[in-house]
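Architecture and fold: a report
Below are the chains, spelled out letter by letter.
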Amino acid sequence: MLSQPESRFPVVKPHVMCAYPALMYLVVFLSTALPICLCEFGCITATTAAFALGGCTILARVLFPVPAILGCVVSLLGILMPIMHARAPWASYRYYLPGDESHVEIRGVVVDDTVVGDEDLSWLGVSYRKRFRLEAIRLGRHASWQPCHGTVLISDYEQAMTFGEKIHVRGAIVLPDQRRLPGGMDYRVYLRAKGIHHLLHVVDIVSSRRDTSPGITALAALIGARTAVLKRIVRHIDGDERRILAAMTLGFRQALDPDQRHKYVRSGMIHLFAISGLHVGILFTLVIGVLTVAGVPFSLRYWSAPVCLLIYVLATGAAPSAIRAWLMLTIWSGARALNRPSIGINTVAAAALLLLVVNPFYVFQPGFQFSFLVVTALVLGWRRGSELIEMLGEKRLWRPRQPNAAQYVQGRMHRTFLISCFSMTAAWLGGLGLTAFYNNLFLPASIVVNMLVCTIAWLVLFLTVIKCAVSVVMPDAVERFVAQLLDCNLAFLNFLAEQSSGHDLVITTERPALWMIVLYYAILYAFVLMPRSLKVRSGATLALAACVTAAVVRYPLYEAPDVTLIQPRGQIVPLIVVSLPDTRSPTLINAGDKWMSRTLADWLRHRGVTAIDRVLVLDNTVRFAGGLERLAAELPIRSVVLMADDRRHVPQIERMAFEYGIDADVSVRMPQRRLANGTIRKQSSVASESYHVALHHMRAWHVTVDLVIPSAGPVAVSAVITDLVSGRRWGSEWRLEYMDQDRVESLRPD
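Quantities reported herein were computed from a predicted structural model and do not represent experimental measurements.

Some details on the overall build of the protein chain
- On a plain count of helices and strands, the protein chain comes out with 23 helices and 21 strands.
- Accessible surface, the protein chain as shown: approximately 37,900 Å² in total, 62% of it carbon and sulfur.

Observations regarding a nonpolar patch on the surface
- On the surface, Val448, Leu452, Phe492 and Phe495 cluster together into a nonpolar patch covering about 370 Å² of accessible area.
- Along the chain, the position of Leu452 falls in helix α16 (residues 446-473).
- According to the relative accessible area criterion, Leu452 is partly exposed, its value standing at 39%.

Observations regarding the sheet that holds strand β19 (residues 715-723)
- The antiparallel open sheet is built from 6 strands, whose spatial order is β15-β16-β17-β18-β19-β20. The open sheet terminates on both sides in strands that have one partner only, identified here as β15 (672-675) and β20 (729-736). Each neighbouring strand pair of the sheet contributes to a mean axis angle of 10 degrees, computed without reference to strand direction.
- In this structure, strand β18 (residues 701-710) lies alongside β19, joined through 8 bridges in antiparallel fashion. Bridged to Asp706 within β19 is Ser718.

Points about the environment of Ile205
- Mapped onto the fold, Ile205 is located in strand β6 (residues 199-210).
- Through-space distance from the C-alpha of Ile205 to that of Glu105 is 9.7 Å; in sequence the pair is 100 residues apart.
- In this structure Ile205 touches Tyr157, Gln159, Met161, His168 and Val169, once residues within four positions along its chain are discounted.

Things to note about the sheet that holds strand β13 (residues 637-644)
- Pairing within the open sheet is mixed, and its 7 strands lie in the order β14-β13-β12-β11-β10-β9-β21. One side of each edge strand has no neighbouring strand; the edge strands of this open sheet are β14 (663-668) and β21 (743-747). Across the sheet, the mean angle from the axis of one strand to that of its neighbour is 15 degrees, orientation sign disregarded.
- In terms of strand pairing, strand β10 (residues 575-579) meets strand β11 (residues 587-589) through 3 bridges, oriented antiparallel. Considered in β11, the bridge of Ile576 is made with Ile589.
- Packed onto the sheet, helix α20 (residues 594-606) meets β9 (562-567), β10, β11 and β12 (612-617) and runs at close to 150 degrees relative to β9.

Some details on the pattern of salt bridges
- Counted by the stated rule, this structure contains 11 salt bridges.
- Of the charged contacts in the structure, one is a salt bridge between Glu40 and Arg87, with a shortest N-O distance of 4.0 Å. Residue Glu40 is found in helix α2 (residues 21-40), and its partner Arg87 is found in helix α4 (residues 68-87); the two are separated by 47 residues along the sequence.
- The residue Glu105 makes a salt bridge to Arg170 at a minimum N-O spacing of 3.6 Å. Residue Glu105 is found in strand β1 (residues 102-110), and its partner Arg170 is found in strand β5 (residues 165-174); the two are separated by 65 residues along the sequence.
- Taking relative accessible area as the criterion, Arg170 reaches 23% and is therefore assigned partly exposed.

Regarding the packing of aromatic side chains
- Per the counting criterion, the structure on display carries 13 aromatic pairs.
- Residues Tyr362 and Phe368 carry aromatic rings whose centres are separated by 6.3 Å and whose planes lie at 20 degrees to one another, so their mutual orientation is stacked.
- Exposure remark for Tyr362: the relative accessible area of 18% places this residue in the buried category.
- For Phe368, a relative accessible area of 7% gives the class buried.
- Pairing Trp458 with Phe462 gives two aromatic rings, centres 5.2 Å apart and planes at 10 degrees, and the pair type is stacked. With Trp458 and Phe462 both in helix α16 and 4 residues apart, this pair spans about one turn of that helix.
- The class for Trp458 is partly exposed, based on a relative accessible area of 35%.
- The exposure class of Phe462 is partly exposed, given its relative accessible area of 32%.
- These aromatic residues form a ring-pair network of at least three members: Phe284, Phe298, Tyr302 and Trp332.
- Against the face of Trp145 rests Arg107, its NZ or CZ located 4.0 Å from the ring centre.

Here we look at the pairing of β12
- Along β12, 5 of the 6 residues are buried, which leaves the element largely enclosed by surrounding structure.
- In terms of strand pairing, β11 meets β12 through 3 bridges, oriented parallel. Bridge pairing links Ile589 to Leu616 in β12.
- The handedness of the β11 to β12 crossover, carried by α20, is right-handed.
- Judged from the 5 bridges that link them, β12 and β13 form a sheet pairing that is parallel. In the strand pairing of β13, Arg614 is matched with Ser639.

Describing α2
- For α2, spanning 20 residues, the distance from its first C-alpha to its last is 29 Å, which sits close to the expected 28 Å at 1.5 Å a residue.
- For α2, the principal kink sits at Ala33 and spans about 30 degrees; a proline, Pro35, occurs within the next four residues.

Here's the deal with the pairing of β15
- Covered by surrounding structure in β15 are Arg673 and Leu675 only, the residues Gln672 and Arg674 on the alternate face being uncovered.
- Pairing of β15 with strand β16 (residues 678-684) involves 4 bridges; the strand directions are antiparallel. Counterpart to Leu675 in the pairing with β16 is Gly678.

Observations concerning the nonpolar core
- Membership of the largest hydrophobic core comes to 98 residues, with the highest contact counts inside it found for Leu230, Met269, Leu272 and Leu493.
- With residues up to four places along the chain from it excluded, the contact list for Leu493 reads Met248, Tyr264, Met269, Leu272, Val453, Ile456 and Val460.
- Counting 60 residues, the second-largest nonpolar core is a separate cluster that includes Val577, Leu604, Phe624 and Trp730.

Observations concerning the environment of Ser371
- Residue placement: Ser371 occurs in helix α13 (residues 366-392).
- For the pair formed by Ser371 and Ser276, sequence separation is 95 residues and the distance between their alpha carbons is 7.8 Å.
- Sequence-distant contacts of Ser371, defined by excluding residues within four places in its chain, comprise Ser321 and Arg324.

Focus: unusual backbone geometry
- In this structure, Ala88 takes a positive phi of about 45 degrees despite not being glycine.
- With respect to the element layout, Ala88 can be found in the loop between α4 and β1.

A short note on the side chain of Ser639
- Position of Ser639 among the secondary structure elements: in strand β13.
- Ser639 gets classed as buried once you look at its relative accessible area, which sits at 13%.

The rules behind these values
Per chain, residue numbering runs from 1 following the sequence as it is written. Totals for whole chains, interfaces and linings use every residue, but because this is a predicted model, local features are given only for residues with pLDDT of at least 70 and side-chain atom pairs only at 80 or more, for both listing and counting. Only hydrogens and water are set aside; all other atoms, that is, all heavy atoms of the structure, feed into the side-chain values. We count a stretch as a helix when DSSP gives it H or I for four or more residues in a row; a strand needs E for two or more, and each element gets its number in order from the N terminus. In short, Shrake-Rupley with a 1.4 Å probe defines the accessible areas, and a residue's cover is counted only from the protein chains shown. Only residues whose relative accessible area exceeds 30% and that form no salt bridge enter a patch; like-charged residues are grouped when within 9 Å of one another, and nonpolar side chains (Val, Leu, Ile, Met, Phe, Trp, Tyr) when within 5 Å. Take a side-chain nitrogen of Lys or Arg and a carboxyl oxygen of Asp or Glu: if they are within 4 Å of each other, that pair is a salt bridge. Burial classes: relative accessible area under 20% of the type maximum marks a residue as buried, over 50% as exposed, and values in between as partly exposed (1.4 Å probe, protein chains only). Pairing between strands requires that DSSP locate at least two bridges from one strand to the other. The convention used is that axes are lines fitted to C-alpha atoms, helices contributing only their stretch in contact, and that angles between N-to-C directions extend from 0 to 180 degrees. Residues count as neighbours in contact if any of their non-hydrogen atoms are within 4.5 Å of one another. Side-chain rings of Phe, Tyr and Trp (the six-membered ring for Trp) are treated as a pair once their centres are within 6.5 Å; stacked means planes under 30 degrees apart, edge-to-face means over 60, and tilted covers the remaining angles. We call a charge positioned over a ring when the NZ of a Lys or the CZ of an Arg lies within 6 Å of the ring centre and within 35 degrees of the ring normal. Consider the strands pointing away from the viewer: the crossover is right-handed when the path from the first strand over the helix to the second runs clockwise. Multiplying 1.5 Å by the helix residue count minus one yields the expected span of that helix. Here the bend at a residue is taken as the angle between two axes, fitted respectively to the seven residues that end there and the seven that start there. We define a nonpolar core as any set of buried Ala, Val, Leu, Ile, Met, Phe, Trp, Tyr and Cys residues linked to one another through side-chain atoms lying within 4.5 Å.

Listed below in structure tokens is the structure:
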């Protein structure tokens, strides 16, 4: 036979197509859907999206020669589904609004599964934000009701509500906040990816009653069963362990305070509180074990397990991570029941493709990205680890088998441990880029920590199931014993989070560029998906070197200070960040109000800031120092210098400094203060108040900031950076007024 000429393009081989068909179709779908999604969220222009759509479609068709008809169908879905979700015809309430925001009266049903109306579970706290499904809307008391559909989010309403409660409310529909500072979270994009376009500020509840429709009644019964199970599993468990157990097993995360969340984020253990593949996989093994012990036939066993898991997934809110895990296990169980082979990567890709066809905007959710990238790395790491272990243990295959059960078990345990190490390392590499991009963290200790965490999580869920069972059929003493075992495991989890979230084991990084993250994952998966040839390895090495070089060029180490001015929305007193050279601990002038402090802390972390060297508070009023305490809770502060006209807020600031170990220096009724590396001067008159801050650095850099706040008119701010060695000066002036959006300006020497 005549051999066919090789293609010039590195197309995927036919045997790879047979092994990973879902992966190929997923790439084809993303190549058409992603440009439209980026255009819809304002990341690129329509012209760029059109060129990207054409280029990505052609490249995907060349590299992945899928069948023509199926390829066209998948591409057509990739175009139509983002457009349909962008227009959202099912959110018909928007057609009745006169603008993006409006005062309305609405009738609808509370469909949030996190609300609990049981007094015995009051320790969970009140969920201030609840999903609300609309049924009718009118724009005034004398207007007629219009039937509508859609879902909004009730914002900052403290009154308790329960799932399935049908209410008539008066309030205002508003748009969610956009990204406040560069690099921060865009809450509007986050909600849009979940299919929510507006927030509802409730002013008054006119009436309330239970919805008796069959669907809501069935879901309410499921939520009620979930609440009853929660009451059983937390009995005889108190303190933080009870809150951790509620979040870890049934998804009640509202009981966790911000400090606990922050601690688990820094330790790399936050995935415990998201019902995901870890929870679903552990419960799957438990269900299969119970069905095996009960003598259920093999095929029926693997058909029944996904049904049991679906009840758990729906009861805990049906998060995308949980749906992904359930879809994967359902596909794998179906293959086992039918005695068909199943490949892990193909199963992951099939689950991702199904979810994205339902809602292409899931691709913008960090949880969706973490879930699939980490699981893909985990599956590939397990496979590569198995291959490496078999290769290293090849001599063992040439020896006669010893009929020694102890040696067999020891060998299996040793092999499983080594493969687990490879898998955890691969999962750590899979989450490395996203952790740096979203959380600005590099967690080298999370490999060892998560190996312990997975073992303890299995024990916690196993003991939780046992506790539910013994609470029904066993005496109270047995239940107390199981509760003590649970308490010990949860306390150890808390101890791991405390130790691994310390500054010695956590490295704060500056947020990398998006293209660097994409390149990182392209290089990472090139080693495990493509053939291990010399050309591929050489190309990946060159790409990695280019990525590192670009990172050095993108983030040079400036030897000069820079001044960043932040004007919060609706305020005229700015926050000024002075970053001195060779340090990640800047000086902050003013702390702003308490609403801005957490956003400021997140923005500083995105810039790689690990601590604040000093906070210079120019006055002790709320607009200057109101957010100091919350800022100290978010980021370590070494010292605070306060210029005060009286002692109104001085005791509170001194108490806060003592609590957080801050060196507080308070000056009352002193117009000028000399610092170790600068001075602060204040002048007051009837017309205005002026502040002059002069800072200097050991390398002969001087930074002066002048702030003038008149009794009427805009605020004037000027900043000057001077190099005393060369005599060069850089200056900037800003005029600030009340604004609807946050404003960020910077002054950085060339």
